[in-house]
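Chain residues, written in single-letter form:
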Amino acid sequence: MKHRTSARTPVVPAAWRGRLALGALASAFSLLAGAAPVGNASTCFHQNEGLQLRFDLDLAQDSVDAGYDVYLVAAYAGHWFYRNAAGGWAAHQPGTWPAPALRNVAHPQKSATAPGNALHQSIAEPAVRSAAGLAGLQLFAGFGKSGPGSFEDLLARQRFGAVGAIAGNEAVVAACPATPPGTGPGGTRPGVPDATPPSAPTDLRVVQATSTSLRLQWQASTDNVAVAAYAVYLDGVLQDKVSTTTHTLTGLAPATSYALRVHALDAAGNASAASGVVQGRTQAATSPAHGRPYSIIGSSLGSKADHNAGGYTFFGQRHLLARFTDFGSATGQAPAANTKAAWRTHLDGIYPILTSTDFNAQATESGATLELSGGTTPSGRWLKRSITQATRDRYPSSYRLRNWNLWDTNAYYPQMYYTGYINLSTIDAPGKYLRFYWTDSSNPNRNVWTAKEGGSLTARAEGANTGVPGIYSDAPVRYTDNTWMRYEILADFANDKVAFYANGKLLTDVSRNYTGENTGWLGVGGKLDYFLLNNTVEMNGDLGEFIGHAMPYLDFSLRRIELADAPQWEQRTDAVVQVPTRWDNGQVDIVINQGRFPDLNHKHLFLLNGMQATYLGPLQ
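Now for a look at the structure at hand. (Residues numbered from 1 in each chain as written. Predicted model: local features only at pLDDT ≥ 70, side-chain atom pairs only at ≥ 80, totals over all residues. Heavy atoms only, no water.)

**Points about the overall build of the chain**
Item 1. Scanning the chain from terminus to terminus reveals three helices and 43 strands.
Item 2. Each of the 620 residues in the chain was classed as buried or not, and the buried ones make up 51%.
Item 3. The contacts of the chain with a sequence gap of at least 6 include a subset with a gap of at least 24, amounting to 68%.
Item 4. Accessible area of the chain: about 25200 Å², with a carbon and sulfur share of 50%. (Helix = DSSP H or I, 4+ residues; strand = E, 2+ residues; numbered from the N terminus. Buried < 20%, exposed > 50% of the residue type's maximum accessible area, 1.4 Å probe, protein only. Contact = heavy atoms within 4.5 Å. Areas by Shrake-Rupley, 256 points an atom, 1.4 Å probe, with all protein chains shown as cover.)

Laid out in structure tokens, this is it:
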């Protein structure tokens, strides 16, 4: 399935940030397929002097006695920017005149040293030292007779043309080549239109298909000046013009074959030969379901790093998370071999430990089993801890006997996000059901744990034998016996912030001045050492008490996709985190996680950053 989000304003490349002001211009520069009195155009990224732009303007048809205003325009993601005489860049708003000019010049025949009709122009952008982040940026130049109607004269007589197109992979050099008049590399002679088409795109293929979309990819074309765009055709009909070598066609019919081809275009309007026609077929129509792939198409979705070093999967799909499991790889309640490796395979990376480094060979005697039914998720699977007095008698000094390790790699991560479903049965004081440790922080504390006393949920940070006042949750955040609770921890090691949520409600303790996002607990710079499910837990297994964990999710980013039961985040009664398999700024692929929802009817997708939610649309 695929979902398209609403369009958002594009982001200016980082190298130009602060030099280009965002804006849009319904400009006649969209007519740039016309005549181009521009030649010898070249761009070069100098390692010390930045972007060097050179071009000639042909004034052979223009009055020798007039003065002229020269314009330089940058186009990026449908937005237009003008370079002004002060060397800055600004958006030109629709309907406002005159447009800002770069400089005023005389006709080149007035030159005392090299009279002629070619006006040689050189422009430098010292702050732009490389093409990184500038893919798709196009540069145009033109001129008009000086005066209030200068820009109108430029448009009326089509005195403009393309002078550069940035692919994003240009080399940075120690010296830019000289560009003699009429012989510039990649240019055309002044006054001579560019009639050379780009080469045909190659290796066109379908890289992803859903029931309503096809994602295409191809190899880039080349051109004597620059490739400006690619035209994408479906069954012989133009669908889109794009500046990249990938594109997703949406709104297609399920289980249908389509003929696909791509042409390259340059700024002069020349079109390449076709890439060659390939056939793409959409998948059969399917309704959203737990475990099915689903794609979200949009913009400004951000990114997520891949921390799944173990290659763990969810419904056969490798995800990006540090740790996530519905225990789907297990074939029984316990592995055949009672070893660390066997348990990690059985529980998708989770394993029992005696200390932070040693495997406890007798871990099964602590009452750990994988229950194959009865849980809150669609699979019903959950990790059950139930410790009897007989177990305690056998291990009277092993207070860490009951640790289960969710993560065990010491490294710095600016952010950490945990969520999962927890059942504390009827235990009044179950001990520490979650605990994470870190090293090298600016704060003497070294771990945070969560627990419960009566109906009050608690959390506390600890240092070397020194506790700090903990949270005892205010109403309405309370625990009800024998229920599954979704618990969340949002930790920011870069800014010394940590917050706790139960069933979407923030844990606060006004009497101890904890109003939500707590500071002074983590310090800054701490390296996460390990994260435990259960630590020094207290229960009476002989009376049926237990602690249950289902669908534990650990990631090193607060950015995530959630599914909720209302189109407004504040009005939700429940939500469940989704499992990403791909995440870039324009597309996020997930495996649908139904969580504890009874069905997926009338559900809605949100992009979360911390607890700030952006609505993406309905699940459909």
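**Quick notes on the side chain of Asn270**
Item 1. When you line up the elements, Asn270 lands in the loop between strand E17 (257–266) and strand E18 (278–281).
Item 2. Asn270 sits in the buried class, given a relative accessible area of 15%.
Item 3. There is a polar contact of 3.5 Å between the side chain of Asn270 and the backbone oxygen of Thr196.
Item 4. Not counting residues within four places of it along the chain, the set of residues in contact with Asn270 comprises Asp194, Ala195, Thr196, Pro197, Pro198, Ala264 and Leu265. (Polar contact = N/O pair within 3.5 Å; in protein donor to acceptor, adjacent residues only side chain to side chain.)

**Considering empty space enclosed by the protein**
Any space left empty among the atoms is revealed by the rolling of a water-sized probe across them.
Item 1. Scanning the entire structure with this criterion turns up four cavities of 30 Å³ or more.
Item 2. For the second largest cavity, the calculated volume is near 50 Å³.
Item 3. Around the second largest cavity, the lining residues are Thr419, Gly420, Tyr421, Arg486, Met551, Tyr553, Val576, Val577 and Asn593.
Item 4. Going through the elements one at a time, strand E28 (415–423), strand E37 (547–555) and strand E39 (575–577) are the ones with two or more residues in the lining of the second largest cavity.
Item 5. Here the lining of the second largest cavity takes three residues from E28, the largest share from any one element.
Item 6. When the residues that make up the lining of the second largest cavity are grouped by side-chain class, the tally is five nonpolar, three polar and one charged. (1 Å grid on protein atoms, 1.4 Å probe; cavity = no way out; pocket = protein on both sides within 12 Å on 5 of 7 lines; lining within 4 Å. Points joined across faces, edges and corners; volume = space filled by probe spheres on them. Nonpolar A, V, L, I, M, F, W, Y, C, P; charged D, E, K, R; others polar.)

**Thoughts on the pattern of salt bridges**
Item 1. Counting across every chain of the model gives 17 salt bridges.
Item 2. Linking Arg582 and Asp584 is a salt bridge whose minimum nitrogen-to-oxygen distance equals 2.8 Å.
Item 3. By relative accessible area, Arg582 is classed as partly exposed at 22%.
Item 4. Looking at Asp584, the relative accessible area reads 28%, which means it is partly exposed.
Item 5. The residue Asp599 makes a salt bridge to Lys603 at a minimum N-O spacing of 3.4 Å. (Salt bridge = Lys/Arg side-chain N within 4 Å of Asp/Glu carboxyl O.)

**Structural notes on the sheet that holds strand E2 (residues 38–46)**
Item 1. Pairing is mixed in the open sheet, where four strands are placed in the order E8-E3-E2-E11. The two strands at the open ends of the sheet, each matched to only one other strand, are strand E8 (118–125) and strand E11 (172–173).
Item 2. Pairing of E2 with strand E3 (residues 50–58), which is carried by seven bridges, proceeds in the antiparallel orientation. Bridge pairing in E3 links Phe45 to Leu51. (Pairing = 2+ DSSP bridges.)

**Observations regarding the packing of aromatic side chains**
Item 1. A complete count under the given rule lists 25 aromatic pairs for this structure.
Item 2. Ring geometry for Trp382 and Phe546: centres 5.2 Å apart, planes at 50°, overall tilted. Of the two residues, Trp382 is situated in strand E25 (residues 382–385) and Phe546 in the loop between strand E36 (527–535) and E37; the sequence distance between them amounts to 164 residues. The same class applies to Trp382 as to Phe546, namely buried.
Item 3. A connected cluster of aromatic rings, assembled from ring pairs, spans Phe314, Phe315, Phe324, Tyr417 and Tyr553.
Item 4. The residue whose ring lies beneath Lys384 is Phe546, and the NZ or CZ to ring-centre distance is 5.5 Å.
Item 5. Cation over ring: Lys432 sits above Trp449, and NZ or CZ is 4.7 Å from the ring centre. (Phe/Tyr/Trp six-rings, centres within 6.5 Å; stacked < 30°, edge-to-face > 60°. Lys NZ or Arg CZ within 6 Å of the ring centre and 35° of its normal.)

**Let's talk about the pairing of E37**
Item 1. For E37, the tally of buried residues reaches nine of nine residues, placing the bulk of the element in the interior.
Item 2. Relative to E37, strand E22 (residues 323–324) runs antiparallel, the two sharing two bridges. Residue pairing in the sheet places Arg323 in a bridge with Leu554 of E37.
Item 3. Sheet analysis places E25 next to E37, joined by three bridges and oriented antiparallel. By the bridge assignment for E37, Leu383 is matched with His549.

**Observations regarding unusual backbone geometry**
Item 1. In this model, Ala475 is joined to Pro476 through a cis peptide bond whose omega is 10°.
Item 2. As for its placement among the helices and strands, Pro476 is situated in the loop between strand E32 (471–472) and strand E33 (484–492).
Item 3. Phi angles above zero are rare outside glycine, and Ser425 is one such case at about 45°.
Item 4. Judged by relative accessible area, which is 1%, Ser425 ranks as buried.
Item 5. The residue Met551 is not glycine, and still its phi comes out positive at about 45°.
Item 6. Summarising the element assignment, Met551 is placed in strand E37.
Item 7. Overall, the relative accessible area of 3% leaves Met551 in the buried class.

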